[in-house]
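Per-entry structural report
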Amino acid sequence: MDKKKERKIASNIIKGSLGNMIEWFDWYIYASFAIYFANAFFPSNNQTVELLSAAAVFAVGFLMRPFGSFIMGKFADQHGRRSALTLSVVIMACGSLIIAIVPTYQTIGILSPIILVLVRLVQGISLGGEYGISATYLSEMASSNRRGYYASFQYVTLISGQLLALIVQILLQYFFDDAQLSAWAWRIPFVVGALGALIVLYLRLSMDETNQFKESAKNGKKKGTLKQLAKYPGQVLTVIGLTFGGTIAFYTYTTYMQKYMINSLGLPTRLTTEINFLALLIFMIMQPVFGHLSDKIGRKPLLYWFGILGTLLTVPIFKGLQLFDSPFSAFVLMLAGLMIVSGYTSINAVVKAELFPTEIRALGVGLPYGLTVAIFGGTVEYVALWLKTINHEGWFFYYVSAAVFVSLIVYVRMLETSRHSKLDK
């Protein structure tokens, strides 16, 4: 491929990925700052109860993701990937702006958490659509021998969105004390997310549509319908199986572990934020490395890496955090977990995109993924915190390990998608 064409591909990948970053920044600032604003919406004298309430709203947002996957996936298969990606970032930005200005429970009473829940429901629709459309766009835009590498940037930008949320959190922790953050400064990152979306909107309007969608638009076939998706039950079940263990492990290590270090191990909030930031930075860098490796050796070896090590080492990693509760040990153990999860995160987008034909790809990738994440990924924190309230927090570690093992069975039985890719047809 000539350099000019490769640069054009890279430009479109970057534009699509930056939008993904802002969407996930908007989503993650809720999780990152819940420790500060939980009391503003759910006042209580018990921090665990407040966090449990905030986690429940986080889970409720996930429940809308299947609807978002269906609505936005159908839209993308019928009207184009670029248009759908642009719409999703507008929805997310509006939601963040509303959260930034909504009054607290002390001001307007029960209306405050109701508004928060409604906004998270709408943002869940946006994010539910973002995954399937983004995975489809990056996989279709990439050159055939570099799909794993380019598609890995979906999680590069997903993680960078979380890192950006952590950077904002570190800066705010530096300039404001905990009382100020809990009182009003937690609103600042939601304003940042809304403003950043304006830049992303401009970039997404200048993206090219994928050639595969443009060719598909000429054939006159119906696109993006559930009737069509029903013709691929094996692929749908494969996406569910691929996602089950992966999403539980991902949210365990990237979202719940921070609260576990604070609420269960007693590590200082600021120190925990710094540990998370450094571990996630290395995690982000690993994604294209793993993605490039999958272009050389196939997708299944990386899935085996995640499935086998995730099954065997999840419990020891969390037990190790309890035994060796120093900051350095916490960092090493978190990074070990993230390295294991990289076998899934780096390639899951391209693996799913390779399973479906163009006319049903965005819906096929997004809907079963959204359903699985809504049921299992979005409830990770809630399950963990609930088990803590009944004094059985250790059961959660075995739950994660068992989920990864279920996905490992799927990895063993599935075809090597890089050699049987629908993207080549």
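Conventions used here
- For every chain, the first residue of its written sequence is number 1, and the numbers climb from 1 along that sequence.
- Totals for whole chains, interfaces and linings use all residues, but because this is a predicted model, local features are given only for residues with pLDDT of at least 70 and pairs of side-chain atoms are given and counted only at 80 or more.
- Where side-chain values are given, they derive from all heavy atoms of the structure, hydrogens and water being excluded.
- Every patch collects residues that have over 30% relative accessible area and no salt bridge, joining them within 9 Å if they carry like charges and within 5 Å if they are nonpolar side chains (Val, Leu, Ile, Met, Phe, Trp, Tyr).
- The Shrake-Rupley method, run with a 1.4 Å probe, gives the accessible areas here. Residue values count only the displayed protein chains as cover.
- Put simply, a salt bridge is a Lys or Arg side-chain nitrogen that is within 4 Å of an Asp or Glu carboxyl oxygen.
- Numbering goes from the N terminus for both helices and strands, where a helix is a DSSP run of H or I of at least four residues and a strand is a run of E of at least two.
- Only protein chains enter the calculation, and the probe is 1.4 Å; a residue is then buried if its accessible area is under 20% of its type maximum, exposed if over 50%, and partly exposed in between.
- Distance and chemistry together define a polar contact, namely a pair of N or O atoms within 3.5 Å, with one atom able to donate a hydrogen and the other to accept it when in protein, and with adjacent residues in sequence counting only for side-chain atoms on both sides.
- The contact rule is simple, with two residues in contact once any of their heavy atoms fall within 4.5 Å.
- Buried Ala, Val, Leu, Ile, Met, Phe, Trp, Tyr and Cys residues that are joined via side-chain atoms within 4.5 Å together make up what is termed a nonpolar core.
- Simply put, an axis is a line fit to the C-alpha atoms, just over the touching stretch for a helix, and the angle between two N-to-C directions goes from 0 to 180 degrees.
- Note on terminology: angles under 35 degrees are roughly parallel, angles over 145 are roughly antiparallel, angles of 65 to 115 are roughly perpendicular, and the others are oblique.
- By the definition used in this description, the sense in which the near helix is turned from the far one sets the handedness, with an anticlockwise turn below a right angle giving left-handed and a clockwise turn giving right-handed.
- Within 6.5 Å between ring centres, the rings of Phe, Tyr and Trp (the latter by its six-membered ring) count as paired, and their orientation is classed by plane angle as stacked under 30 degrees, edge-to-face over 60, tilted in between.

This part covers a nonpolar patch on the surface. A cluster of nonpolar side chains, namely Tyr105, Ile110, Leu111, Ile114 and Leu118, defines an oily patch on the protein surface of about 470 Å² accessible area. Residue contributions to the nonpolar patch peak at three residues, all from helix H6 (residues 111-141). Mapped onto the elements, tyrosine 105 comes out in helix H5 (residues 105-108).

Bringing the side chain of asparagine 348 into the picture now. Tracing the backbone shows asparagine 348 in helix H17 (residues 348-353). On the accessibility criterion, asparagine 348 (2% relative accessible area) is buried. In terms of polar contacts, asparagine 348 uses its side chain to reach the side chain of lysine 352, at 3.0 Å. Once residues within four sequence positions are removed from consideration, asparagine 348 is found in contact with Tyr131 and Tyr155.

Once that is clear, we can look at the nonpolar core. Formed by 103 residues in total, the largest nonpolar core has its most connected members in Trp186, Met261, Leu321 and Phe356. Here methionine 261 is in contact with Gly266, Leu267, Thr272, Ile275, Asn276, Leu321, Ala330 and Met334, once residues within four sequence places are set aside. Residues Leu85, Tyr137, Tyr150 and Ala362 belong to the second largest nonpolar core, which totals 14 residues.

Moving on, we come to unusual backbone geometry. Unusually for a residue other than glycine, asparagine 391 sits at a positive phi of about 65°. Residue placement: asparagine 391 occurs in the loop between helix H19 (380-389) and helix H20 (395-413). Classification of asparagine 391 as exposed rests on a relative accessible area of 69%.

It is worth spelling out the packing of helix H4 (residues 81-101) against H6 at this point. Where H4 meets H6, the closest approach of the two axes is 8 Å, and the angle between their N-to-C directions is 155°. Relative to H6, H4 is oriented roughly antiparallel. Crossing hand, H4 versus H6: left-handed.

The subject of this paragraph is the environment of tyrosine 260. With respect to the helices and strands, tyrosine 260 occurs in helix H13 (residues 233-263). For tyrosine 260, a relative accessible area of 1% translates into the label buried. In contact with tyrosine 260, not counting residues within four places along its chain, are Leu265, Phe318, Leu321, Gln322, Glu393 and Phe397. Within the structure, the side chain of tyrosine 260 is placed 3.2 Å from the side chain of glutamine 322, a separation counted as a polar contact.

A separate point is the pattern of salt bridges. Using the criterion set out here, one finds eight salt bridges in the structure. As a salt-bridge pair, arginine 204 and glutamate 130 come within 2.8 Å of each other at their nearest N and O atoms. With arginine 204 in helix H10 (residues 188-205) and glutamate 130 in helix H6, the pair connects residues that are 74 residues apart, well separated along the chain. Glutamate 130 carries the same exposure label as arginine 204, and that label is buried.

Taken as a whole and assessed by the stated rule, the structure comprises 23 aromatic pairs. Summarising the aromatic geometry, the rings of phenylalanine 33 and tyrosine 36 are spaced 6.2 Å apart at their centres and angled 45° between planes, so their arrangement reads as tilted. With phenylalanine 33 and tyrosine 36 both in helix H1 (residues 3-41), this residue pair falls three residues apart, about one helical turn. Residue classification places tyrosine 36 among the buried positions, given a relative accessible area of 6%. Residues phenylalanine 318 and phenylalanine 397 carry aromatic rings whose centres are separated by 4.6 Å and whose planes lie at 15° to one another, so their mutual orientation is stacked. With phenylalanine 318 in helix H15 (residues 300-323) and phenylalanine 397 in helix H20, this pair connects stretches of sequence that are 79 residues apart. For the pair shown, phenylalanine 318 and phenylalanine 397 are each scored as buried. Three or more aromatic residues link up through ring pairs in this structure, and these residues are Tyr253, Tyr256, Tyr260, Phe318, Phe396, Phe397 and Tyr399.

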